[in-house]
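Listed below, chain by chain, are the residues.
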Amino acid sequence: MTDSDSDSVSRFTDLYKNKSRKEEQQCERRRTLLEEQKLYRQSELDAGRPGLLELIEAEQSTDSDCSDAVHRRSRPKIWYSKLYRDKVQLSEWMYERPEDLDNWFMVPCPSGTRCLVVIRKGLAVAYDKEGRSITRFATGLGKRQRVTVLDCFLVKENRTFYAIDMLVYNEMDLVHCDCQFRFLWLRSKMEEDDLQKKFCTLKQASWQLQLLPAYDFKNPAQIVDCLSRFPAFPDPATKLDGLLFYHKESNYIYGRTPLVTWLFPFMVPDVLGEEWRQSLNSRYLDNVPEGYGQQGPRAYMDEFDAKLAKRRAKRNNNRLTGMDEDGEEYCSSSGGTGQELDGSYEDENWQQKELDEMRRLEMEG
């Protein structure tokens, strides 16, 4: 064996060990987080610390200032809110099949912009992951609808917000409630309070609200039904991006967490088990990226992240930002109320745009 062969074997051995450690670390972090959550819930109650709802109410005066700034400008200003920065719960790759798979939900996710939709007194404002407002518009919920915060995907092609989770409802803070309760509460309120119908007014009927379904691994028939569907959504304008997996006992955690994981559909048999291959619609397997078969899911995940980080760094170096007279970062849109999505904001939202673009290209092969 030559020195180069020896070095090659050593590198592959280290790679294998690193992959194993990565899987073990993710599993261990899940267990640790679940234990910490139980202790944290009680400590938060005992300490009486302010939750998200209290922070939102405290920011009302700031929102008023931003609203005034919008009306003073000929072009609507897209403002930046520190409160909603990094508040979206994000996923990690699912490196291995969880031991407690029955305690997980699977949610099909559309290609779109992840955002928090904050509804107060009938007015809805959508913020992206960086805390920048995407758009604002009047809903049909009326002024009696108190503070409500939804975690959504916005598909601009059909101007639809797809609700995946709920942080606050009618001034009820749900951040420290487990996922199973939040999903149940979201679905029940969508039905009982008719949120889907009341979300948009007649004058702005193009704005829609839909609920993303959550499939329970405890009922395998639900998972089979989800994986076998193609297209995944009734509206042809809504394309499937990937699958999110939520641990039922997880709180809503700001930022990335191993209790919420992600896979592309074609990766399901390799990670969750070959028993799901027959259930997966063959069209998803037709979109497997070139070279994936030789790489395997773990190497593909690392390569995907490396490409994304490189493109982000390149875009970040070339990124231009405007500063208003008060030193606040903003970008101007080219349209009127509700048209911010069609203006220059889309280029400012470079991080999510790059991720969506890469995922879409990978799905197309």
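Details of the structure are given in the entry above.
Residues numbered from 1 in each chain as written. Predicted model: local features only at pLDDT ≥ 70, side-chain atom pairs only at ≥ 80, totals over all residues. Heavy atoms only, no water.

**Things to note about the environment of S279**
- In this fold, S279 is placed in the loop between α7 (268-272) and α8 (282-286).
- You can call S279 buried: its relative accessible area is 14%.
- In sequence terms S279 and P269 are 10 residues apart; their C-alpha atoms lie 9.4 Å from each other. (Helix = DSSP H or I, 4+ residues; strand = E, 2+ residues; numbered from the N terminus. Buried < 20%, exposed > 50% of the residue type's maximum accessible area, 1.4 Å probe, protein only.)

**A closer look at the nonpolar core**
- W93, F217, F245, Y246, M267 and L272 are the most contacted members of the largest nonpolar core, which totals 44 residues.
- Those residues in contact with L272 that sit more than four places away from it in its chain are M94, R97, P98, L101, F217, F245 and L263.
- Residues A126, I134, F161 and L174 belong to the second largest nonpolar core, which totals 22 residues. (Core = buried A, V, L, I, M, F, W, Y, C linked by side-chain atoms within 4.5 Å. Contact = heavy atoms within 4.5 Å.)

**Observations concerning the pairing of strand β3 (residues 104-110)**
- With 7 of 7 residues buried, β3 lies mostly within the body of the structure.
- Burial along β3 is two-sided: W104, M106, P108 and P110 facing one way and F105, V107 and C109 facing the other are all buried.
- Examined bridge by bridge, β3 and strand β12 (residues 240-247) share 7 bridges and lie antiparallel to one another. What sits directly across from M106, in β12, is F245.
- In terms of strand pairing, β3 meets strand β11 (residues 215-216) through 2 bridges, oriented antiparallel. Of the residues in β11, the one forming a bridge with F105 is D216. (Pairing = 2+ DSSP bridges.)

**So, unusual backbone geometry**
- Residue F230 is joined to P231 through a cis peptide bond whose omega torsion reads 0 degrees.
- Relative to the elements of secondary structure, P231 occurs in the loop between α6 (220-228) and β12.
- Of note, R159 is a non-glycine position whose phi angle comes to about 50 degrees, a positive value.
- For R159, the position within the fold is in the loop between β7 (148-155) and β8 (160-169).
- The backbone of N170 sits at a positive phi, close to 50 degrees, despite the residue not being glycine.
- Structurally, the position occupied by N170 is in the loop between β8 and β9 (172-173).
- Residue N170 is classed as partly exposed on the basis of its relative accessible area of 22%.

**Some details on the pairing of β12**
- The element β12 is largely enclosed, with a buried count of 8 among its 8 residues.
- Inspection of the sheet shows β12 paired to strand β13 (residues 255-263) by 4 bridges, in the antiparallel sense. The residue bridging Y246 from the neighbouring strand is V260, located in β13.

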